Amino acid sequence: QFFAPIAWACGLCVLVTHMLECWRRQHGRDVADWLETVACLEATVSVAGYSFDHPQDCVPEISDDVPELIAENLGHPLLKSDACVRNSVTLTAATPLMLVSGSNMSGKSTFLRSIGSSVVLTLCGSVVRATRFRTYPFQLATAMRVSDSLQEGRSLFFSVVRRLKTVVDLTESPRIVLFLLDEILHSTNSHDRRRGAEAVIRSLVAHRALGIVTTHDLALTQIADTMSSQAVNKHFEDTIVDGTMTFD
């Protein structure tokens with residue numbers, strides 16, 4: 001209250017506004033570059049911090065010539081070591097598709113997230129939670145945790161189909177796609193799910209894409225039988241030990 005009359009008498013409101021406008025004309029175009037630089041610095045520090053905190057993780061390899069994904073003892077980077085179940089995976093141009101079946105809580109979705117996050121970490125220059133990890137600079141495409149929308153009038157099935165179309169459309173670009181599809185077309189009947197899933201999978205493979213599809217429907221695993229050596233089936237098995245369900 002004491003300073004307000006002084007500010008009015010000295011015209012500080014006009015003066016400060018004028019100074020801000022002069023600053024904006026001189027430096028306004030640089031703000032976007034400043035923010036991008038800060039974002040890159042923050043990302044670099046985050047990657048460096050993760051690498052420092054996990055000295056046991058491996059330094060990944062990037063294959064520029066051969067489109068492949070090879071991971072040995074791969075785990076999710078956010079899980080504690082004692083709770084992390086590690087698995088290995090190999091996808092190549094000769095065998096580009098893996099179908100993973102298993103019950104609820106068996107780790108299928110976590111397995112896909114482990115692969116996707118590890119590819120992103122690799123392309124960021126970070127270490128990866130695995131004993132060995134080699135990947136091509138893929139265009140990553142996922143269909144996971146898709147939901148319906150009451151506001152937009154979209155059913156779950158329509159949302160899933162639209163997301164799958166986005167994944168398929170990415171294969172039209174020159175960059176090779178790595179697709180991770182979780183419970184593909186689970187929101188429709190088994191007959192349509194089998195036909196639709198097979199059409200999507202065959203289209204992706206025909207466009208040189210590599211990837212993994214998880215499912216509860218064992219009928220979908222029969223797709224591998226019709227694709228010769230291009231597809232392989234894997235299953236996450238569950239066992240009961242002392243009344244507690246465990247998974248491999």
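Here the structure is shown first, and the text comes after it.
So, a few notes on the structure that sits alongside this text. (Residues numbered from 1 in each chain as written. Predicted model: local features only at pLDDT ≥ 70, side-chain atom pairs only at ≥ 80, totals over all residues. Heavy atoms only, no water.)

### Overview of the layout of surface pockets
By volume, the largest pocket amounts to about 240 Å³. No other element matches helix α4 (residues 108-123), which puts three residues into the lining of the largest pocket. When the residues that make up the lining of the largest pocket are grouped by side-chain class, the tally is nine nonpolar, seven polar and one charged. (1 Å grid on protein atoms, 1.4 Å probe; cavity = no way out; pocket = protein on both sides within 12 Å on 5 of 7 lines; lining within 4 Å. Points joined across faces, edges and corners; volume = space filled by probe spheres on them. Helix = DSSP H or I, 4+ residues; strand = E, 2+ residues; numbered from the N terminus. Nonpolar A, V, L, I, M, F, W, Y, C, P; charged D, E, K, R; others polar.)

### Thoughts on a nonpolar patch on the surface
Taken together, the side chains of F2, F3 and I6 make up a nonpolar region of the molecular surface, amounting to roughly 360 Å² of accessible area. Relative to the elements of secondary structure, F2 occurs in the segment before α1 (3-10). (Patch = residues over 30% accessible without salt bridge, like charges linked within 9 Å, V, L, I, M, F, W, Y side chains within 5 Å. Areas by Shrake-Rupley, 256 points an atom, 1.4 Å probe, with all protein chains shown as cover. Salt bridge = Lys/Arg side-chain N within 4 Å of Asp/Glu carboxyl O.)

### Comments concerning the sheet that holds strand β9 (residues 231-236)
Hydrogen bonds between backbone atoms are what pair the strands of a sheet, whose relative direction is either parallel or antiparallel. The strand order β6-β7-β8-β4-β9 describes an open sheet built from five strands, whose pairing is parallel. Where the open sheet ends on each side, the last strands, each with one partner, are β6 (139-143) and β9. For this sheet, the mean angle separating the axes of adjacent strands, direction not counted, is 15°. Relative to β9, strand β4 (residues 97-102) runs parallel, the two sharing six bridges. Note that in β9 the partner of L99 across the bridge is N233. Against the sheet, helix α5 (residues 156-170) contacts β6 and β7 (177-181), and its axis sits at roughly 160° relative to β6. (Pairing = 2+ DSSP bridges. Axes fitted to C-alpha atoms, helices over the stretch in contact; angles between N-to-C directions. Contact = heavy atoms within 4.5 Å.)

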